[in-house]
Amino acid sequence: MTSSDMKRLLVIGAVGQIGSELTMELRARYGNDNVVAMGRKTKPSESLLNSGPFEWGNVNDPESIIAAIEKHDIDTVYLMAAILSAVGEQKPQLAYDVNMNGLYNMLEIARERELTRMMVPSSIAAFGPETPKDNTPQETVLRPTTMYGVTKVAGELLADYYFKRFGVDVRGLRYPGIISSETLPGGGTTDYAVEIFYEAIKNKRYTCFVREDTVLPMMYMPDCINATIQLMEADLGKLKHHSDFNVAALSFSAGELAEEIRKHIPGFECAYEPDFRQQIADSWPRTIDDSAAREEWGWRPEYDLPGMVEDMIEKLTPRLT
Ligand code: SER
């Protein structure tokens, strides 16, 4: 199968932080009517609703997915629905149900219906406290201490099993924290790197829930969208990995981010009051080695820290002031 076999796409979790922007980009590339957005509960934006088909459904109700696949003749699925790390620690059973049972349901549907291709994201949360923190290799210790991380490691293994055992062409990458201006993230440990912009622009102050010296890998949304689509469109013959690609773009401390924002918003004050999310952040790497993604499908990020901060402030300021 080649990328030209991807004609009719379904994005599950299309109202979420990544799904909302991914759906719009996929519609621009594949045609509005060929990209079906699926949401579970949250009201979709007018632009999402008016630019192409929308269906209600969720991964824990496989019949709703099958109905959408049949109705729209879907051949390719982006499974973007997930419970993130912080909510996952408060509701571990829910995280398991959505991230694990939901993935299993979707893999079974992909196998039975012989879908062309499927995307399921993994995360830097697949790593744990015993993983080397700097330049974290592609192949390394995967012993996470959060339920979210457990579901991501198990999900990578399950997806790779479906590829080897059943020939389901399922692909995935280990997203770092994603910074975006359209839709707020929901319930992750890296959410401070988005919230800080809203508070800086609106109130010139922010109380950050991790320490000033906390360094985590991050990525700006345009790079995240490119990485996701590039991996999905990559030639299968060139891939040695499938569901577990390291991808890197930026790594900075919370303090460095605040400093960069201050260059645009003089007088911005950031305080630091770490909560339970600090422990999660401390269990994750600082920087990532993404040479496998670069070699196998040509991954290259575009945004650096100053470029990302400038663009975020430019996009958000007119909406928030
Ligand atoms: N942004 C995610 C989280 O913080 C990481 O994958 O949970």
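For the structure itself, consult the block above.
Below, the structure is looked at part by part. (Residues numbered from 1 in each chain as written. Predicted model: local features only at pLDDT ≥ 70, side-chain atom pairs only at ≥ 80, totals over all residues. Heavy atoms only, no water.)

## Overview of the side chain of S243
Along the chain, S243 falls in the loop between helix 8 (221–233) and strand 12 (245–246). Taking relative accessible area as the criterion, S243 reaches 1% and is therefore assigned buried. Side-chain polar atoms of S243 contact the side chain of D160, separated by 2.9 Å. Here S243 is in contact with S122, E156, A159, D160, V170, R171, G172 and L173, once residues within four sequence places are set aside. (Helix = DSSP H or I, 4+ residues; strand = E, 2+ residues; numbered from the N terminus. Buried < 20%, exposed > 50% of the residue type's maximum accessible area, 1.4 Å probe, protein only. Polar contact = N/O pair within 3.5 Å; in protein donor to acceptor, adjacent residues only side chain to side chain. Contact = heavy atoms within 4.5 Å.)

## Quick notes on the site of the ligand
Every residue close to the ligand is listed here: L84, S85, S123, Y148, G188, T189, T190 and W284. Within the contact set of the ligand, an oxygen atom lies 2.6 Å away from a side-chain nitrogen or oxygen of S85. Between an oxygen atom of the ligand and a main-chain N or O atom of T189, the distance comes to 2.6 Å. Protein chains shield 93% of the accessible area of the ligand, which is 240 Å² for the free molecule. Placement of the ligand is best described as lying within the largest pocket. Taken together, the residues of the shell around the ligand break down into three nonpolar, five polar and no charged. (Near = heavy atom within 4 Å. Areas by Shrake-Rupley, 256 points an atom, 1.4 Å probe, with all protein chains shown as cover. 1 Å grid on protein atoms, 1.4 Å probe; cavity = no way out; pocket = protein on both sides within 12 Å on 5 of 7 lines; lining within 4 Å. Sits in = over half its atoms within 2 Å of the grid points. Nonpolar A, V, L, I, M, F, W, Y, C, P; charged D, E, K, R; others polar.)

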